[in-house]
Amino acid sequence: EIYLKYGATNEGKRQDSAMQKFRDNRLGVFIHWGLYAIPGGEWNGKVYAGAAEWLKSWAKVPSNEWMQLMSQWNPTKFDAKKWAVMAKEMGAKYVKITTKHHEGFCLWPSKYSKYTVASTPYKRDLLGEMVKAYNEEGIDVHFYFSVMDWSNSDYRYDIKSQEDSIAFSRFLEFTDNQLKELAARYPTVKDFWFDGTWDASIKKNGWWTAHAEQMLKELLPGVTINSRLRADDKGKRHFDSNGRLMGDYESGYERRLPDPVQDLKVTQWDWEACMTVPENQWGYHKDWSLSYIKTPFEVIDRIVHAVSMGGNMVVNFGPQADGDFRPEEKALATAIGKWMQCYGKAIYACDYAEFDKQDWGYYTRGKNGEVYMIVFNQPYSERLIVKTPKGISIEQASLLTTNENIVVVETTRNEYNVSVPQKNPGEPYVIQLKIRVAEGTKGVYKDALT
Ligand SMILES: COc1ccc([C@@H]2N[C@@H](C)[C@@H](O)[C@H]2O)cc1
């Protein structure tokens, strides 16, 4: 054990109602919206294939030139209610909104910066309208906040001099002011997802990351904070120098997922993954033909994969500069929503089932001990192999959507052949298992109803 002043503040998963809601939500929407949506990946006639929200960096645009985009910020098609209904129809239970991305442009009229919506032709408080509209649809709002701020001359990538140190403490005070302002203006916010925290300057100021977490938790009781904010006394990030998770959930799975066999360690803590629909575009990019665009089933596979390992998944959308969404994103939201309508019972408020992963798909476990098989790859054998943990047996199986009884044959101890449905559903489908727990069985099942 290393003594740490700025290490992890709690041991194990938070069990309060706010964290339980975070966990039960399972499916979120990421909204990446900022000045970068205006050029959409193109600068001075050149289209850059890299992430569109990083165009300022790829095209080496000086900050004062980049911020002139503010004079073109006029999302006349923006309609917060339409955005909220789209998320609702997709079956998303929460939304993570970029309050300020690396570029430094604020979607709220911050009084600590001149780079905000207030100084654009479209003066309205976009963040405020979004918070209200999403909350009215029963959708929780989370704030993405980039600590790294390319528009602020006090930002430092590293601290190499007294001057750096003085400038950076001014910058941290500016950041505290913006965070307090966000908490005061939008008190229904449920989470802060920090990004832009990988630089040496932050790692050398682990104290500040602990302070920011504590400050927000005092201002907004129950609020959740991601591990990516945090650096400990020694600059160690996400997990402190004693290997303990900092923040309330691990937030390292960005455009990647833990392996369902090798990485089962993640089931010991809360975690949230986030993903893009193209290979790597968070902000709006005008040319999606440059990238592979995931199909709805490929997105749903990732959502289910995350939940099957006790995590959340946030699917990213990059609204256009005019405030509308591209047709492909609208179609995707609709397709996901249609699937969630039928099968959401195996996703929302579900968790890791502790069954060994099989080739046909993923397991999740519901609050009443029921186990779901989410089948993505139906075998020609028409038998879905299920190996149950010690002390667990299968009593009955049925197709979730129709309650059609599914034949289960025990092939050896703790091993079964579960039949496929008589009529091929033609889409990823769910079989619900009723399991029996033998007396004295260890693990999560001891409290399961049989
Ligand atoms: C240095 O690599 C990256 C990659 C992505 C990011 C940002 N995190 C994602 C959630 C997006 O906001 C992306 O711009 C930052 C740095």
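Going by the structure above, here's the rest.
Calculation rules
- Residues numbered from 1 in each chain as written.
- Predicted model: local features only at pLDDT ≥ 70, side-chain atom pairs only at ≥ 80, totals over all residues.
- Heavy atoms only, no water.
- Near = heavy atom within 4 Å.
- Polar contact = N/O pair within 3.5 Å; in protein donor to acceptor, adjacent residues only side chain to side chain.
- Areas by Shrake-Rupley, 256 points an atom, 1.4 Å probe, with all protein chains shown as cover.
- 1 Å grid on protein atoms, 1.4 Å probe; cavity = no way out; pocket = protein on both sides within 12 Å on 5 of 7 lines; lining within 4 Å.
- Sits in = over half its atoms within 2 Å of the grid points.
- Nonpolar A, V, L, I, M, F, W, Y, C, P; charged D, E, K, R; others polar.
- Salt bridge = Lys/Arg side-chain N within 4 Å of Asp/Glu carboxyl O.
- Helix = DSSP H or I, 4+ residues; strand = E, 2+ residues; numbered from the N terminus.
- Buried < 20%, exposed > 50% of the residue type's maximum accessible area, 1.4 Å probe, protein only.
- Points joined across faces, edges and corners; volume = space filled by probe spheres on them.
- Pairing = 2+ DSSP bridges.

Novice: Got a minute to help me understand the site of the ligand in this structure?
Specialist: In the vicinity of the ligand, the contacting residues are H32, E53, W54, H101, H102, Y144, W193, D195, W198, E254 and W282. Within the contact set of the ligand, an oxygen atom lies 2.7 Å away from a side-chain nitrogen or oxygen of H32. Taking D195, its side chain carries an N or O atom lying 2.8 Å from a nitrogen atom of the ligand. For the ligand, whose accessible area on its own is 400 Å², the fraction buried by protein is 74%. Using a 2 Å cut-off from the grid points, one finds that the ligand occupies the second largest pocket. In terms of residue class, the shell around the ligand is built from five nonpolar, three polar and three charged.

Novice: Would you mind showing me how to read the pattern of salt bridges here?
Specialist: Here the idea is simple: oppositely charged side chains can pair when their charged atoms come close. For the structure on display, the rule yields 32 salt bridges. Here R23 makes a salt bridge to D270, at a shortest N to O gap of 2.7 Å. With a gap of 247 residues between them, R23 in helix α1 (residues 17-25) and D270 in the loop between β7 (224-225) and β8 (271-275) connect regions that are remote in the sequence. Across the salt bridge formed by K217 and E213, the nearest N and O atoms sit 2.9 Å from each other. One end of the pair, K217, and the other, E213, are both in helix α8 (residues 206-219), four residues apart, so they sit about a helical turn from each other. With relative accessibility at 24%, the residue K217 sits in the partly exposed group. Bridged by salt links that share partners, the residues R14, D16, E213, K217, R230 and D248 form one connected network.

Novice: Whenever I open this one, empty space enclosed by the protein confuses me. Can you help?
Specialist: Summary: where empty space remains is shown by rolling a probe the size of a single water molecule over the atoms. Under the defined criterion, the tally for this structure stands at three cavities of 30 Å³ or more. Of the voids in this model, the largest cavity is the one considered here, and its volume is about 100 Å³. In terms of lining residues, the largest cavity is bounded by P260, L264, S308, M309, Y352, A353, E354, F355, K357, Y362 and Y363. Its volume calculated, the second largest cavity comes out at about 50 Å³. Lining the second largest cavity, in full, are V29, I31, W83, M86, A87, M90, Y134, F317, F325 and A333. For the lining of the second largest cavity, the elements supplying multiple residues, two or more each, are β1 (27-31) and α4 (80-90). A per-class count over the lining of the second largest cavity returns ten nonpolar, no polar and no charged.

Novice: Is there a simple way to think about the pairing of strand β14 (residues 408-412) in this case?
Specialist: In this structure, β14 lies alongside strand β15 (residues 415-419), joined through four bridges in antiparallel fashion. Residue T412 lies in a different strand from β15, and its bridge partner there is E415. Connecting β14 to the antiparallel partner β15 that follows it, the hairpin turn spans two residues, and N414 within it adopts a positive phi of roughly 55°.

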